[in-house]
Amino acid sequence: MDFCSECGSMILNGSKCPMCGCIKTAETKEVKKTPRPEKKKTNKKPVIETFTKDIKTEPEKIASKNGKYLKKDYKSIDDLDDKTRQELLANDKFFKTVNSKPLDTQQKIACVLDSKNVQIIAGAGTGKTFTLIAKIKYLIAKKHVRPEDILCLSFSNTSVRDLKGKLPENVEIRTFHSLGRSVIKQHHKVSVIENNEILAIINDYLANANTDTLKDILEFCDSYFLNIESYIIRRNDRKELLNELKEAFTKVAFKPLLADFINLFKGNNFTKDYFSYFRSSNDDKDHDIFLKIAEDFYSYYQKYLDMHQQIDFNDMINESSKLIKKYGLKKHYRYILVDEYQDTTYTNYNLIKSLQDKTDAHLTVVGDDWQSIYGFRGTNIEFFSHFEEYFENPQRIFIEKTYRNPQELIDIAGSFIMKNPKQIRKSLKSPKNLKKPVKIIYPQKNPIEKREMIYNLIKDLSKKSEDVLILGRTNNNINQFIKHRNLVKKGNLKKDKFLRILDKTDKSMNNVYYRTLHSSKGLEADNVIIINMVDDYLGFPSKLKTHSVLNYVNTKNYDYKYSEERRLFYVGLTRSKNNVYLISDKNNPSEFIEELIDDSLENLEIIEYN
Ligand SMILES: Nc1ncnc2c1ncn2[C@@H]1O[C@H](COP(=O)(O)OP(=O)(O)OP(=O)(O)O)[C@@H](O)[C@H]1O
């Protein structure tokens, strides 16, 4: 299984992303050709034992220990006890110079609070990583913690690279996967398969599948596509799109769906007996067919891995947690700090838990539940929102001063996200003001005039600002615009933070960048344009739903309408230091545009072209 790095859709190597149209360049790794595993006798012990599911009992365990879920919130210096307040004041000089800019009060509180479990809850643009770095430096300089006793965990290689440039050399900075890999290496001689290798194993499975299984797959795919077909015809009658989607679905939908299901199944720690439980708890024929195939493939896949002494990424994290629980660790961390904690999956949580249990380390996590946008990869916002149910008696520190967005923008974005009552309440404050920073644009109906209008807006903004960032829900949104306007893209997705759009004829336009909303996380720009804010199947919010079979294995990130798309919109809005331009359609506006108009009209500017 793999996901499009741009829009998060499931994608097959060597195939077009069904949403963006971008092509994965690396070829699907050749699977080691083997006879079907069932037929091959092996005396080798399976590398991975079945992992027992105990997530549901964990919070109860903590609750029974404490009597209730305890948490204490810290927002101002008055919330500190005398000793800690004195410590903060005594180190004021240090906090002024530890980073490139002096720390604010809440950032300082985050550095000095030092209970076993600390959760830093922060808003967009409040300097989360900035604070984490300051805290680590504080621990070393003022608490005399040895750098090698500190473990800093993050989710992406980019973030690890970034942190490595800013922290003392001996601090151990790793992604979860690199930590898992290093633990496994000490105990097993196994190789870890790449994420997308499961697709090759599915190919192998299909090549060997019996006629009944193949018939089941065809039946399932037929009904899968029919649902989408009727939806599109009803809404738009768009033949071209229909054909494109038909091809995409028949070619690429089934295998990634199966891969996705297995990944979430393992990532959320389900065991084989859950298949019969799922099947007995539903009366949907298509679901039953799918679950039957998934169970068969799961057995095939696990046997395949065992036979080749291989593990996948989920096994790696699960197995390393088990090894730590059983044998402990070579290193004795005193502090574990985790960045972007809102992106935690069950397996990540389990690894942190076993690390802490063995080392007794103090844990600090930092994150923003309003920016949790990777539910499709198995992240569970619950671990952040209900931190106190997973780690005992945490101190919760709020960082609420934003340095990026004007107050008016933060107010609009904040009240929009807080419609979902499950999000943690924060009151973000900014020293900057800007009147009506969110501009809703209704362009002309005529597509040529519309493109010209958007082009002129970009050009105009590029003259006035240092940088302009164009955001689309999918890459396809951006590609369509570029294609029709004789512009070119420049940049390397893997290497560059920003990808450029250049006008071949106008050399002055060299500060215009583009990203999908998902990949804009962590970035900022002077002005932001979000395109295609229309009510459409492929508009924003996207109505392209994941298949309902994934509900068996997915986490509950989606219990409020568009909750994840809503957070994605919040991420997009908060990338701007000044204005955000929302390109919509007066006759077919996105539901999010309608909501903004209903709730925040006084802070919006509506610009209509005829
Ligand atoms: N105490 C401070 N004083 C001045 N500027 C600060 C301070 N803390 C952070 N900043 C600045 O605020 C901006 C936002 O910081 P940063 O990108 O680390 O925020 P973030 O919390 O990671 O945001 P997001 O989650 O939205 O990506 C940066 O330009 C950073 O230098």
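Quantities reported herein were computed from a predicted structural model and do not represent experimental measurements.

The rules behind the values
- Residues numbered from 1 in each chain as written.
- Predicted model: local features only at pLDDT ≥ 70, side-chain atom pairs only at ≥ 80, totals over all residues.
- Heavy atoms only, no water.
- Helix = DSSP H or I, 4+ residues; strand = E, 2+ residues; numbered from the N terminus.
- Buried < 20%, exposed > 50% of the residue type's maximum accessible area, 1.4 Å probe, protein only.
- Contact = heavy atoms within 4.5 Å.
- Areas by Shrake-Rupley, 256 points an atom, 1.4 Å probe, with all protein chains shown as cover.
- Near = heavy atom within 4 Å.
- Polar contact = N/O pair within 3.5 Å; in protein donor to acceptor, adjacent residues only side chain to side chain.
- Nonpolar A, V, L, I, M, F, W, Y, C, P; charged D, E, K, R; others polar.
- Domains from an automatic or database assignment.
- Core = buried A, V, L, I, M, F, W, Y, C linked by side-chain atoms within 4.5 Å.
- Pairing = 2+ DSSP bridges.
- Axes fitted to C-alpha atoms, helices over the stretch in contact; angles between N-to-C directions.
- Phe/Tyr/Trp six-rings, centres within 6.5 Å; stacked < 30°, edge-to-face > 60°.

J.: Sorry, what's going on with the overall build of the protein chain here?
T.: In terms of regular secondary structure, the protein chain is built from 20 helices and 17 strands. Here the protein chain holds 610 residues, and 58% of them are scored as buried. Of all intrachain contacts in the protein chain linking residues separated by at least 6 positions in sequence, the fraction that spans at least 24 positions is 78%. By element, 48% of the accessible surface of the protein chain is carried by carbon and sulfur atoms, the whole surface being about 27300 Å².

J.: What am I meant to see in the site of the ligand here?
T.: Taken together, 18 residues lie near the ligand, and K101, P102, G125, K128 and R404 sit nearest. A distance of 3.3 Å separates an oxygen atom of the ligand from a polar atom in the backbone of T126. For the ligand, whose free accessible area comes to 640 Å², the fraction covered by protein is 82%. For the shell around the ligand, the class distribution of residues is five nonpolar, seven polar and six charged. Counting only domains with at least three residues in the shell around the ligand, you end up with domain 2 (72–188 + 317–399) and domain 4 (416–608).

J.: Would you mind showing me how to read the nonpolar core here?
T.: One broad trend across soluble globular proteins is that nonpolar side chains are buried collectively. Judged by nonpolar contacts, the single largest core of 37 residues is most densely connected at I530, M533, F569, Y570, L582 and L596. Elements that contribute at least two residues to this core include exactly helix 16 (407–417), strand 10 (438–442), strand 11 (468–472), strand 15 (527–530), helix 19 (563–573), strand 16 (580–583) and helix 20 (591–600). Per-element tally for this core: the top contributor is helix 16, with six residues. Contact partners of I530, with chain neighbours within four places excluded, come to L471, L517, F569, G572, L573, V580, Y581, L582 and I583. Formed by 36 residues, the second largest nonpolar core is a distinct cluster that contains C221, F254, F278 and I293.

J.: I tried to follow the sheet that holds strand 1 (residues 72–74) on my own but got confused; where do I start?
T.: Strand pairing in a sheet takes place through backbone hydrogen bonds and is either antiparallel or parallel in direction. Within the open sheet, the seven strands sit side by side as 1-9-2-8-7-3-4. Their pairing is parallel. Each edge of the sheet is formed by a strand with only one pairing partner; in this case those strands are strand 1 and strand 4 (172–175). Here the average twist between neighbouring strands, direction ignored, is 20°. Sheet analysis places strand 1 next to strand 9 (residues 395–399), joined by three bridges and oriented parallel. Looking across to strand 9, one finds that D73 is bridged to R396. Those strands touched by helix 4 (residues 105–112) are strand 1, strand 2 (117–122) and strand 9, and its axis lies near 155° from that of strand 9. Relative to strand 4, helix 6 (residues 157–166) is tilted by about 170°, and along the sheet it contacts strand 3 (150–154) and strand 4.

J.: Just checking my understanding: could you explain the packing of aromatic side chains for this structure?
T.: Aromatic ring pairs are defined here through the distance separating the ring centres and the angle between the ring planes. The tally for this structure, following the rule as stated, stands at 39 aromatic pairs. With a centroid separation of 5.7 Å and 75° between ring planes, the pair formed by F94 and F95 is classed as edge-to-face. You'll find F94 and F95 in the same group, each marked buried. Ring-pair connections join several aromatic residues into one group, and the members of that group are F254, F261, F265, F270, Y274, F275, Y277, F278, F290, Y298 and Y552.

By themselves, these observations are geometric and do not establish any function.
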